[in-house]
Amino acid sequence: MSFVDRIAHGTRCLVSAALFALPLAAAPVLASSGAEAADDFPSRPVNLVVSYGAGGGTDRQARMMAGFLEKKLGSSVVVQNMPGAGGQVAITAMLREEPDGYTIVATNEPDISMTVALRNAPYAREDVEVLAVDIVDPRLLLVQKDAPYETFDDFVKAAKENPGELSVAVNSGAVQEQFAKWLFKALDVDINFVGYKSGGETTAALLGGHVTSLVGDDFARFDVRDQTKALMIGSATGSPRWPEAKIMVDALKPYGVTPPTPDFLARHMVYMVPSALHEKYPARFQKLQDAITSLATDPEYQKLIKDQGAGDLTKMAPGSDYRDAFQKSLEALKATVAN
């Protein structure tokens, strides 16, 4: 049975169809065994599967990182895109492979946790482990530059005084929507949620005056910096791009609301592997993690990131540093979906 057939067999229709359309690239296979020594790894190319389409932020970042990873590992890294179902297609493909370290998925949290929270993923969150966290892009609450709200408190006050009149644009079905629902439910605010298919559409709706606000991402929405202002940011440290934005923990404190984490539902670009890799090949897991996290102090890599204006967003930290935060986000997502 071929690899594509193995993926299709027993997998839900949406995932199966997408996997047939996007089979995992086959890397040359050298003779090896389950007892292969850690210092022989990798003895063949490593597959880095991006769970989103070509050209997007996650794809560009993964491809840039892959070039450095090749140097660290002394082996080629084959990058391919396998988008679909909120990351389910790529994760399912990875879990169908032997958990030997030769397949890594570049994806986003809390997207993967959300597929579990919505109960439509053919895997459990415990089946995958975050090898490393790359970029952390916080959520923002944006309004037009000339909007009559100078602060987050102004916005909340207006929303409470005019129930149902203010609106927020969100990406339908995406994490931004869940963040907005959690936020305004916690504040007991009656606000209209207006869903769009993409971040570009939400931005156009805000700039066109069709909605009062939008929930977007720090770095991704910097293209409209001159036309908007940020009232709040879901970050523990704030952002040099949006210095006027109030940190979420401080913004919510007067309302008796404490977010599950300081950067709750921020976009975390992560590299995932099967949890079984850590159990079966701990040395390989550690070698991969060390290679990626070493980029945190790699001068050439850091210069590239800083030149792109995202120097403050890159972490290159072990996934274990974020394990508790991801678990709290998952629990909060499940509660939000249930309500």
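Residues numbered from 1 in each chain as written. Predicted model: local features only at pLDDT ≥ 70, side-chain atom pairs only at ≥ 80, totals over all residues. Heavy atoms only, no water.

Caption draft 1: Focus on helix α6 (residues 152–161). Along α6, the residues that are buried comprise Phe-152, Phe-155, Val-156, Ala-158 and Ala-159. For α6, the angular spread of buried residues about the axis comes to 160 degrees, placing them on one side. Exposed and facing more than 90 degrees away from the buried side of α6 are Lys-157 and Glu-161. The secondary structure elements touched by the buried residues of α6 are β5 (139–144), α7 (175–186), β8 (213–217), β9 (228–233) and α9 (248–252). (Buried < 20%, exposed > 50% of the residue type's maximum accessible area, 1.4 Å probe, protein only. Helix = DSSP H or I, 4+ residues; strand = E, 2+ residues; numbered from the N terminus. Arc of directions from axis to C-beta. Contact = heavy atoms within 4.5 Å.)

Caption draft 2: Structural detail: the confidence of the model for the chain. With 88% of its residues at a pLDDT of 70 or more, the chain has an overall mean of 88. Scored below 50 in pLDDT, residues 1–22 shows 36 contacts in the model against residues more than four places distant or in partner chains. Across residues 27–38 the pLDDT falls below 50, and counting only partners more than four positions away or on other chains, this stretch makes 16 contacts in the model. (pLDDT = per-residue confidence, 0-100.)

Caption draft 3: View of the packing of aromatic side chains. Summed over all chains, the structure comprises 10 aromatic pairs. Ring centres of Phe-152 and Tyr-255 lie 6.4 Å apart, and the angle between their planes is 85 degrees; on these two criteria the pair is classed as edge-to-face. You can see Phe-152 sitting in helix α6 and its partner Tyr-255 sitting in the loop between α9 and β11 (267–274), a full 103 residues away along the chain. Classification of Tyr-255 by relative accessible area gives partly exposed; the value is 28%. Ring centres of Phe-155 and Phe-184 lie 6.2 Å apart, and the angle between their planes is 45 degrees; this geometry places the pair in the tilted category. (Phe/Tyr/Trp six-rings, centres within 6.5 Å; stacked < 30°, edge-to-face > 60°.)

Caption draft 4: Quick look at the pairing of strand β3 (residues 103–109). Of all the 7 residues making up β3, 7 are buried; the element is thus mostly covered by neighbouring parts of the structure. Bridge count for strand β1 (residues 46–50) against β3 is 4 bridges, and the pairing is parallel. Directly across from Val-49, in β3, lies its bridge partner Val-105. The sheet contact formed by β3 and β11 spans 5 bridges and is antiparallel. Paired with Glu-109 across the bridge in β11 is His-268. (Pairing = 2+ DSSP bridges.)

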